[in-house]
Protein chains: 4
Amino acid sequence: MTKKAEIGHNSDTASASKIKSFVERVEKMESEKRDISQDIKEIYAEAKGTGFDVKTIKKLVKLRAIETEKRREEQALLETYAAAIQMDLF
Amino acid sequence: MTKKAEIGHNSDTASASKIKSFVERVEKMESEKRDISQDIKEIYAEAKGTGFDVKTIKKLVKLRAIETEKRREEQALLETYAAAIQMDLF
Amino acid sequence: MTKKAEIGHNSDTASASKIKSFVERVEKMESEKRDISQDIKEIYAEAKGTGFDVKTIKKLVKLRAIETEKRREEQALLETYAAAIQMDLF
Amino acid sequence: MTKKAEIGHNSDTASASKIKSFVERVEKMESEKRDISQDIKEIYAEAKGTGFDVKTIKKLVKLRAIETEKRREEQALLETYAAAIQMDLF
DNA sequence: CATGAAAAAGAAGCGC
DNA sequence: GCGCTTCTTTTTCATG
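Given the structure is predicted, the values throughout are model-derived calculations rather than measurements.

Thresholds applied
- Residues numbered from 1 in each chain as written.
- Chains lettered and ligands numbered in written order.
- Predicted model: local features only at pLDDT ≥ 70, side-chain atom pairs only at ≥ 80, totals over all residues.
- Heavy atoms only, no water.
- Helix = DSSP H or I, 4+ residues; strand = E, 2+ residues; numbered from the N terminus.
- Buried < 20%, exposed > 50% of the residue type's maximum accessible area, 1.4 Å probe, protein only.
- Areas by Shrake-Rupley, 256 points an atom, 1.4 Å probe, with all protein chains shown as cover.
- Near = heavy atom within 4 Å.
- Polar contact = N/O pair within 3.5 Å; in protein donor to acceptor, adjacent residues only side chain to side chain.
- Nonpolar A, V, L, I, M, F, W, Y, C, P; charged D, E, K, R; others polar.
- Contact = heavy atoms within 4.5 Å.
- Buried area = accessible area lost by both parts, 1.4 Å probe.
- Salt bridge = Lys/Arg side-chain N within 4 Å of Asp/Glu carboxyl O.
- Axes fitted to C-alpha atoms, helices over the stretch in contact; angles between N-to-C directions.
- Parallel < 35°, antiparallel > 145°, perpendicular 65-115°, else oblique.
- Left-handed = near helix turned anticlockwise from the far one by under 90°.
- Phe/Tyr/Trp six-rings, centres within 6.5 Å; stacked < 30°, edge-to-face > 60°.
- Lys NZ or Arg CZ within 6 Å of the ring centre and 35° of its normal.

Visitor: Before we go on, may I ask you to explain the overall build of chain A in this structure?
Guide: The helix and strand inventory of chain A stands at two helices and zero strands. Scored against the burial criterion, the 90 residues of chain A give a buried share of 19%. For chain A, the exposed surface amounts to about 6900 Å²; the carbon and sulfur share of it is 58%.

Visitor: How should I be thinking about the protein's contact with DNA strand E in this particular structure?
Guide: Close to DNA strand E lie Lys33, Lys55, Lys58, Lys59 and Lys62 of chain A, Lys33 and Lys62 of chain B together with Lys41, Lys48 and Lys58 of chain C. The separation between a phosphate oxygen of DNA strand E and a polar side-chain atom of Lys62 of chain B is 2.9 Å. One nitrogen or oxygen atom from the side chain of Lys41 of chain C is found 3.0 Å from a phosphate oxygen belonging to DNA strand E. Those elements that place two or more of their residues in the surface near DNA strand E are helix H2 (54–84) of chain A together with helix H1 (12–49) of chain C. Per element, the largest residue contribution to the surface near DNA strand E is four residues, and it comes from H2 of chain A. Each residue belonging to the surface near DNA strand E can be placed in one class, and the counts come to no nonpolar, no polar and ten charged.

Visitor: Would you mind going over unusual backbone geometry with me for this structure?
Guide: Among all residues save glycine, negative phi is the norm, and among peptide bonds the norm is trans. All names here are of chain A. Residue Gln86 is not a glycine yet carries a positive backbone phi of 50°. You can see Gln86 is positioned in the segment after H2. Using a relative accessible area of 76% as the deciding quantity, one classes Gln86 as exposed.

Visitor: Is there a simple way to explain the interface of chain A and chain B in this structure?
Guide: One widely used convention gives an interface's size as the accessible area the parts lose upon coming together. Contacts between chain A and chain B engage 30 residues on the former and 32 residues on the latter. When chain A packs against chain B, close to 3100 Å² is buried across both sides, 73% of that on carbon and sulfur atoms. Interface area lost by chain A to chain B is led by Phe22, Ile43 and Phe52 of chain A, which between them contribute 20%. Summed over the shared surface of chain A and chain B, the number is four salt bridges. For the salt bridge of Arg64 of chain B with Glu27 of chain A, the shortest nitrogen-to-oxygen distance reads 2.6 Å. Only helix H1 (12–49) and H2 of chain A provide two or more residues apiece to the side of chain A that touches chain B. Top contributing element to the side of chain A that touches chain B by residue count: H1 of chain A, with 21 residues. The residue makeup of the side of chain A that touches chain B, split by class, is 14 nonpolar, six polar and ten charged.

Visitor: How should I be thinking about the protein's contact with DNA strand F in this particular structure?
Guide: The environment of DNA strand F is formed by Lys48 of chain A, Lys41 and Lys58 of chain B, Lys33 and Lys62 of chain C together with Lys33, Lys55 and Lys62 of chain D. The sugar-phosphate share of atoms of DNA strand F within 4 Å of the protein amounts to 100%. A distance of 2.9 Å separates a phosphate oxygen of DNA strand F from a polar atom in the side chain of Lys41 of chain B. In this structure, a phosphate oxygen belonging to DNA strand F sits 2.9 Å away from a side-chain N or O atom of Lys58 of chain B. Here the residues of the surface near DNA strand F sort into no nonpolar, no polar and eight charged.

Visitor: So what exactly am I meant to see when it comes to the packing of H2 of chain A against helix H1 (residues 12–49) of chain B here?
Guide: Relative placement of two packed helices is described by the angle separating their axes and the distance separating the axes. At their nearest, the axes of H2 of chain A and H1 of chain B sit 10 Å apart, and the two run at 60° to each other. Accordingly, the angle class assigned to the pair H2 of chain A and H1 of chain B is oblique. Crossing of H2 of chain A over H1 of chain B shows right-handed handedness. Residues Ile57, Leu60, Val61 and Arg64 of chain A of H2 of chain A touch H1 of chain B, and the partners they reach there are Ile19, Phe22, Val23, Glu24, Val26, Glu27 and Glu30 of chain B. Taken together, the residues of the contact of H2 of chain A with H1 of chain B break down into seven nonpolar, no polar and four charged.

Visitor: Whenever I open this one, the packing of aromatic side chains confuses me. Can you help?
Guide: Aromatic rings in a pair are described by how distant their centres are and how their planes are angled relative to each other. Under the counting rule described, the total for this entry stands at four aromatic pairs over all chains. Ring centres 5.9 Å apart and planes at 70° place the aromatic pair Phe22 of chain A and Phe52 of chain B in the edge-to-face group. Of this pair, Phe22 of chain A sits in helix H1 while Phe52 of chain B sits in the loop between H1 and helix H2 (54–86), which puts the two residues in different chains. Residue Phe22 of chain A shares its accessibility class with Phe52 of chain B, and that shared class is buried. The ring centre of Tyr44 of chain B lies 4.9 Å from the NZ or CZ of Lys58 of chain B, which sits over that ring.

The structure is reproduced here in structure tokens:
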């Protein structure tokens, strides 16, 4: 038994330092995310400067994302069927 | 002048290629963003696995973000004050 | 059972009347919201007419909102801590 | 001339108090706006609880708003035309 | 699954 | 009047 009562199974100081580490790692990642969002904005700004309609390009990006997802799902479905009839697709 | 409306001030073929380029650049950036989001999730998963409460860590991250935002806004306010005084608005 | 899909579990006529009621109630509320937005604009206009810098006042309002939010989040964090300790997470 | 140099045409203390008053009035209005937004959410929650699709009702509200606006604009246009031919619509 | 928070899209207001 | 920024609203995503 330690002198000081522990809260749970992590001792206070060690916990504090670990929490700090987790928080900082998350903050770093979120900062990177913001940077990328900024980059995306800049791409759109560039597109706009080149005479394109940003709204339309955004729609294109979204449409392609949906199509990619659809293809992914179709592939998954196909694989499920193939597995059901014990067919190797590859 | 052709009957068909042009997209921006670009001719059709050049436009197509430029649009494609913009779309692909955005898609690349968005993919990176998703990767980072995934990384963040993994950090939280690790924290949880180490015995920490994810909710608490998220709250800490958020509170620190608010503090940062507050500092940012305070600075902006000071600058606005300075500008207002210059303009004799007080 | 009719061919036509029902909206929710309500029969057609009753539904129509209920939907109308919901829509109208929302419209009334949104109208009130617009009125208040208008009032806010007028307050800013008055401030401007009295020789104040609107931008500064807006920044003050925002900063105070952030401060309120911060206090709110601090409280929420404390509650999360308390819950986490109960759950032996530290 | 007062003893203390004034910044602009508003003396410091009077300014401070006036600004405070403006800020508080705005805050009060914004608080009321939030209340109404909350009421709207509750109406939608009630609609949902009654078995309706919230998204659809929102679409209806928006459509009606557009139609109202359209009618308003048509009326304005009509009045402009009437004025142009010096015709009294009323 | 349903709730609540975060991101993205869209609308509005502002200054130039 | 137009473009730019700010604010609202919608949609999405994660957690319980």
